[in-house]
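Coordinate inspection notes
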Amino acid sequence: MKVEILGCSGGMGLGQQTTCYRVNEHTLLDCGSGLGNLTQHELLKIDTIFLTHSHLDHICFLPLLIDNLFEFIKKPIQVYALPEVITTLQEHIFNWKIWPDFSTLPSAEHPVVAFNEIQPWQPISIQGITYTPFPVEHIVPTCGYHLQSDTGRTLAFTGDTTYGDAVIETLNRLGQLDVLMTECAFPDRLLELGKVSKHLTPVMVKDLVNSLNPAPHEVWLSHLKPSQQIEIRGELEKIQLKTTSLKVLEPCTSFQV
Ligand SMILES: [Zn+2]
Ligand SMILES: [Zn+2]
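Residues numbered from 1 in each chain as written. Chains lettered and ligands numbered in written order. Predicted model: local features only at pLDDT ≥ 70, side-chain atom pairs only at ≥ 80, totals over all residues. Heavy atoms only, no water.

With that settled, the discussion passes to the coordination of the zinc ion (ligand 1). The zinc ion (ligand 1) binds to the protein through His53 (NE2), His55 (ND1), His138 (NE2) and Asp160 (OD); the donor distances cover 2.1 to 2.3 Å. Its four donor atoms give the zinc ion (ligand 1) angles of 90 to 165° at the centre, a pattern that matches the irregular case. Written as a sequence motif, the donor residues of the zinc ion (ligand 1) are H-x1-H-x82-H-x21-D. If you look at the zinc ion (ligand 1) and the zinc ion (ligand 2), they sit 3.5 Å from each other and are both ligated by aspartate 160. Of this pair, histidine 138 sits in the loop between β8 (129-135) and β9 (143-149) while aspartate 160 sits in the loop between β10 (154-157) and α5 (165-173), and the two are 22 residues apart along the sequence. With relative accessibility at 8%, the residue histidine 138 sits in the buried group. (Donors = N, O, S within 2.8 Å, 3.2 Å for Na, K, Ca; no water. Tetrahedral: all angles 85-135°; square planar, octahedral: opposite > 155°, others 65-115°. Helix = DSSP H or I, 4+ residues; strand = E, 2+ residues; numbered from the N terminus. Buried < 20%, exposed > 50% of the residue type's maximum accessible area, 1.4 Å probe, protein only.)

Spelled out as structure tokens, the structure:
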């Protein structure tokens, strides 16, 4: 599977866009401002979106995407998310005040977007890849996604999460991962903020990855806060992992997993 990093920052700034990854041209993991790196022609190919949670940095370009494509959409764009996330989007974004309710436009029978409720551990197969939602631990209802290609390659994307016994147990349940894609929002001096806001810092990333059995082959990190990213990168360089290579993601890069 081809995974493109459209946005991987924890904030905004020149060259900094928020979480959005594209899988095999047609599927998005989250819909942050990184989506703005695609051309209109590329946007037209998007037919499936998996959301991890409702925080603005992960959903902010969903309303604009639907509006951009409105007159061209022949089949509804399928959005998959936890029931709580869908309710939040409907109540607070697609409420006719912030943005129209596109799930009823141009008609309720033939809308341009369809919201599909997912449940942890219930897999969804889309064009050769099986997406299995799994629970993580963040400050609002959030899930990660385990991707398995039909060639057996595996990637787990945690979305935003902190770590603890439950997260470790979940990631271990996923089995051998080729790639663990997770976050590192804050430097270690903000460890308490990381715990309270349920994100990760470098020392938490180290403890999390070293607790995994089997260890993932690679760990990809994102969501660094722009104002602290030099500090976070410096701390990450000093991390000792047992068997896993670690990299900080850069926008507008792509990988074959
Ligand atoms: Zn979040
Ligand atoms: Zn976030």
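So, about the nonpolar core. Judged by nonpolar contacts, the single largest core of 53 residues is most densely connected at Ile49, Leu62 and Leu155. Beyond its immediate sequence surroundings of up to four residues, leucine 62 is in contact with Cys31, Ile49, Leu51, Val79, Leu89, Phe94 and Phe115. Within the second largest apolar cluster, 24 residues are counted, among which are Val136, Val167, Ile232 and Val248. (Core = buried A, V, L, I, M, F, W, Y, C linked by side-chain atoms within 4.5 Å. Contact = heavy atoms within 4.5 Å.)

Pairing between the strands of a sheet is mediated by backbone hydrogen bonds and can be parallel or antiparallel. Read across the sheet, seven strands follow the order β7-β8-β9-β10-β11-β12-β13 without closing on themselves; strand pairing throughout is mixed. The open sheet is flanked by β7 (124-126) and β13 (245-248), the only strands paired with a single partner. Between one strand and the next, the sheet's axes are offset by a mean angle of 20°, whatever the strand orientation. In terms of strand pairing, strand β11 (residues 179-183) meets strand β12 (residues 218-222) through five bridges, oriented parallel. (Pairing = 2+ DSSP bridges. Axes fitted to C-alpha atoms, helices over the stretch in contact; angles between N-to-C directions.)

To continue, consider the pattern of salt bridges. Counted according to the given criterion, the structure contains ten salt bridges. Between arginine 22 and glutamate 42 there is a salt bridge; the shortest N-O distance is 3.8 Å. Of this pair, arginine 22 sits in strand β2 (residues 20-23) while glutamate 42 is found in helix α1 (residues 40-43), placing the two residues 20 residues apart along the sequence. You can call arginine 22 buried: its relative accessible area is 2%. Measuring nitrogen to oxygen at the nearest pair gives 3.4 Å for the salt bridge that ties glutamate 137 to lysine 198. Of the two residues, glutamate 137 sits in the loop between β8 and β9 while lysine 198 sits in the loop between α6 (191-196) and α7 (202-210), which places them 61 residues apart along the sequence. Residue classification places glutamate 137 among the partly exposed residues on the basis of a relative accessible area of 28%. Using a relative accessible area of 25% as the deciding quantity, one classes lysine 198 as partly exposed. Three or more residues are tied together by salt bridges with common partners; here these are Lys2, Glu4, Arg22, Glu25 and Glu42. (Salt bridge = Lys/Arg side-chain N within 4 Å of Asp/Glu carboxyl O.)

Asp57 (OD), His58 (NE2), Asp160 (OD) and His223 (NE2) make up the full set of protein donors to the zinc ion (ligand 2), lying at 2.1 to 2.2 Å. Each of the four donor atoms around the zinc ion (ligand 2) contributes to a set of angles spanning 89 to 167°, which defines the coordination as irregular. Positions of the donor residues of the zinc ion (ligand 2) along the chain correspond to the pattern D-H-x101-D-x62-H. Given a relative accessible area of 17%, aspartate 57 falls into the buried group.

With mixed pairing, seven strands are arranged side by side in an open sheet as β6-β5-β4-β3-β2-β1-β14. Each edge of the open sheet carries a strand with a single partner, namely β6 (113-117) and β14 (253-256). On average, each strand axis in the sheet is inclined to that of its neighbour by 20°, with strand direction left out of account. One ladder, built from four bridges, connects strand β1 (residues 2-7) with β2; its direction is antiparallel. Counterpart to glutamate 4 in the pairing with β2 is arginine 22.

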